[in-house]
Amino acid sequence: MDYWQQSGNIIAFIGLTIILAISVILLYIIQIILHELGHLLFGWVTGYRLLSFRLFSIVIFKQENQWKIGRLKSPGSIGQCIMLPSPINYEKQKYILYISGGLIVNLLSAMVAMCVSLSNISISFLTRLRLLIFTLYGFGCLLMNLVLSSSRVFNDGSILKYLKKNSLALRCYFYQLEISKKLMDGCSYGNIAQEKIILAEGSDLSNPLIGYHKILQYFFHLDRREWIMARKCLDSFYFFENHLHPILQRTLQLEELFFGIITKDGREEKIILSHKYQGRLFLKFRDIDWDMNLLRIFVVYHLNHSSKRLDMNQFYNQIEKVRKHYPYLGEIEFCVNLIRYYIERI
C-alpha cells in the first residue's frame, strides 16, 4: 500500500511540475502578446493604423490590400507592432501613448493579477500561483522595457528617451514608419523621396534613431549606385564610433564588409581579420532565411572569399521562398539587384 501511495505521490508531483512548466511558458507568451496589443490599442486610440504585428518570427502584415502571415527576424526584439499615424503631422503627432502602450498594459495586467492572487477570493493554490507568476512577468516586462540598456536590446524606454532628446530623431522615427510602408508596397530604397531619407551633414548619429536613418540613406545611395555618397554615409559614423549602439555597430561592420567587396576598395579585409567579429559575421543559409540584408552580405562574401563554391540555384530558390512570406518586397528587390550587379562584374 505504501509503495502505491508513494508512486502516486511521485506521479502527482511530476504532473504538477509539468503543468507549472507549461504555465510558466504560456504566461510569458501571454504577457508578450499583451505588450504588443498595448501598442496596437493605444496606437489605434491616437489615430495610428496597423502596418504589421510580429511575435517572435511570425508577422502579420498588410500587402496589396490583403492581410498576410509571414516570417521576419529582428535582432534584440521578441515582438513588434508597427503602426503609421494618419494623417502624418510630425510636429503635433502624439507618440507617447503609442510607444508606451505595451508598458501600460503590462503594468495594469500585473496589478490586476497581483490583487486577485493576494485577495480572499476562493481560488485554487495552483491558480493563485499562476497569477503570481503572471504578475512577476508583467512587472518584468515593464522593467525590461523601461531600463535603458546598453546591450543589444533597443527597448521602448530607450526609444522614448532618444525621441525626446532630439527633434530630428522624432522626424526620423516617423519617416522610418513611412519607409516601412513603402517597402511593404514594393518600393525600393532608391525610389523613396529624398526629403524623407537624406540627413543633413553633422547629424548626431550617436542617437540610434538618427544613426539608423543614416543607414537607410546609405541604402538609398547603394540602390542608385552612388558609391561616393554611400561611402560618405559609412564614413560619417566614425566620428561617433565609441558612442554607437551595439546593434548599429554590428550593422556598420556588416555593411563595411559588403561595401568593400562590391566596390573593391579593400576595406573589407580589416573586417574579415578582426577577431572580434570572426564567427559572427558569416552565417549559414538556415540562420539568415528571414533577413534579406544578411542574406545579401552572405552571398556576396561567399562569392568573393569562400573557397567553397556557392550554389546560386540554392540562393534563388531561397529568394523565392522568402518572397512569399517576407513583408518588405522593396527590400527583396534592393538586395537581389545588388547581388546581380556584383555577379555581372565578377
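Our structure is the block above this text.
Because the structure is predicted, anything quoted here is derived from the model rather than measured.

### Description of the overall build of the protein chain
Inference 1: Along its length, the protein chain carries 12 helices and four strands.
Inference 2: When the 346 residues of the protein chain are sorted by exposure, 47% land in the buried category.
Inference 3: In the protein chain, once contacts between residues fewer than 6 apart in sequence are set aside, the share between residues at least 24 apart is 67%.
Inference 4: For the protein chain, the accessible area works out to roughly 18,300 Å², and carbon and sulfur atoms hold 61% of it.

### Considering the pattern of salt bridges
Inference 1: Throughout the structure, instances matching the rule amount to six salt bridges.
Inference 2: The partner of Glu178 in a salt bridge is Lys196, and the shortest N-O contact between them spans 3.3 Å. Taken together, the positions of Glu178 in helix 5 (residues 167-184) and Lys196 in the loop between helix 5 and helix 6 (208-223) put the pair 18 residues apart, joining distant regions of the chain.
Inference 3: When its relative accessible area of 22% is taken as the criterion, Lys196 is described as partly exposed.
Inference 4: With a closest N to O distance of 2.7 Å, Asp185 and Lys181 form a salt bridge.
Inference 5: According to the relative accessible area criterion, Lys181 is partly exposed, its value standing at 25%.
Inference 6: One network of salt bridges, with partners in common, ties together Arg231, Asp235 and Glu256.

### Details of the packing of helix 5 against helix 6
Inference 1: Relative to each other, helix 5 and helix 6 sit at 45°, their axes nearing to 9 Å. Taken together, the axes of helix 5 and helix 6 are oblique relative to one another. The handedness of the crossing between helix 5 and helix 6 comes out as left-handed. When helix 5 is examined against helix 6, the residues Leu168, Ala169, Cys172, Tyr173, Tyr175, Gln176 and Ile179 are found in contact with a partner set consisting of Leu209, Ile210, Tyr212, His213 and Leu216.
Inference 2: Along the lines of polarity and charge, the residues of the contact of helix 5 with helix 6 split into 10 nonpolar, two polar and no charged.

### Thoughts on the pairing of strand 3 (residues 66-71)
Inference 1: The sheet contact formed by strand 2 (residues 58-63) and strand 3 spans six bridges and is antiparallel. Bridge pairing in strand 3 links Phe61 to Lys68.
Inference 2: Here strand 2 folds back onto strand 3 in antiparallel fashion, the turn holding two residues, of which Glu64 has a positive phi close to 55°.

### Considering the nonpolar core
Inference 1: In this structure, Tyr173, Tyr218 and Leu222 are the most contacted members of the largest nonpolar core, which totals 80 residues.
Inference 2: Beyond its immediate stretch of four places on either side in the chain, Tyr218 contacts Ala230, Cys233, Leu234, Glu255, Phe258 and Phe259.
Inference 3: With five residues, the next largest nonpolar core counts Leu27, Leu131, Ile133 and Phe134 among its residues.

### Focus on a nonpolar patch on the surface
Inference 1: A surface patch of nonpolar side chains, amounting to about 530 Å² of accessible area, comprises Ile10, Ile14, Ile18, Ile22, Leu26 and Ile30.
Inference 2: Looking at the secondary structure, you find Ile10 in helix 1 (residues 2-45).

### Comments concerning helix 5
Inference 1: A rise of 1.5 Å per residue sets the reference length of helix 5, with its 18 residues, at 26 Å; its end C-alpha atoms lie 27 Å apart and thus fit the reference within 8%.
Inference 2: Most of helix 5 sits inside the fold, with 13 of its 18 residues counted as buried.
Inference 3: Two to three positions downstream of the cap, the backbone nitrogen of Leu168 sits 2.8 Å from a side-chain oxygen, assigning the N-cap of helix 5 to Asn166.
Inference 4: Gly186 occupies a position one or two residues after helix 5 and carries a positive phi of about 100°.

### Let's talk about the environment of His243
Inference 1: Position of His243 relative to the elements: it lies in the loop between helix 7 (227-235) and helix 8 (246-263).
Inference 2: Residue classification places His243 among the exposed residues on the basis of a relative accessible area of 57%.
Inference 3: Through-space distance from the C-alpha of His243 to that of Leu205 is 8.7 Å; in sequence the pair is 38 residues apart.

### Section: the environment of Glu320
Inference 1: Its location among the elements puts Glu320 in helix 11 (residues 312-323).
Inference 2: Given the relative accessible area of 41%, Glu320 is considered partly exposed.
Inference 3: Measuring from C-alpha to C-alpha, the distance between Glu320 and Ile332 comes to 9.9 Å, with 12 residues separating the pair along the chain.

### Points about the packing of helix 7 against helix 8
Inference 1: Packing of helix 7 against helix 8 brings their axes to within 11 Å, and their N-to-C directions diverge by 155°. Our classification of the angle between helix 7 and helix 8 gives roughly antiparallel. Judged by the twist between their axes, the crossing of helix 7 over helix 8 is left-handed. In this structure, helix 7 contributes Trp227, Ala230, Arg231 and Leu234 to the contact, and helix 8 contributes Leu252, Glu255, Glu256, Phe259, Ile262 and Thr263.
Inference 2: Along the lines of polarity and charge, the residues of the contact of helix 7 with helix 8 split into six nonpolar, one polar and three charged.

### Focus: the sheet that holds strand 1 (residues 48-55)
Inference 1: Reading across the sheet, the four strands line up as 3-2-1-4 and stay open at both edges, with antiparallel pairing between neighbours. Looking along the sheet, the strands with just one partner apiece sit at the ends: strand 3 and strand 4 (79-85). Averaged over all adjacent pairs, the angle separating strand axes in this sheet is 25°, with direction ignored.

What counts as what
Residues numbered from 1 in each chain as written. Predicted model: local features only at pLDDT ≥ 70, side-chain atom pairs only at ≥ 80, totals over all residues. Heavy atoms only, no water. Helix = DSSP H or I, 4+ residues; strand = E, 2+ residues; numbered from the N terminus. Buried < 20%, exposed > 50% of the residue type's maximum accessible area, 1.4 Å probe, protein only. Contact = heavy atoms within 4.5 Å. Areas by Shrake-Rupley, 256 points an atom, 1.4 Å probe, with all protein chains shown as cover. Salt bridge = Lys/Arg side-chain N within 4 Å of Asp/Glu carboxyl O. Axes fitted to C-alpha atoms, helices over the stretch in contact; angles between N-to-C directions. Parallel < 35°, antiparallel > 145°, perpendicular 65-115°, else oblique. Left-handed = near helix turned anticlockwise from the far one by under 90°. Nonpolar A, V, L, I, M, F, W, Y, C, P; charged D, E, K, R; others polar. Pairing = 2+ DSSP bridges. Core = buried A, V, L, I, M, F, W, Y, C linked by side-chain atoms within 4.5 Å. Patch = residues over 30% accessible without salt bridge, like charges linked within 9 Å, V, L, I, M, F, W, Y side chains within 5 Å. Expected span 1.5 Å × (residues − 1). Polar contact = N/O pair within 3.5 Å; in protein donor to acceptor, adjacent residues only side chain to side chain.

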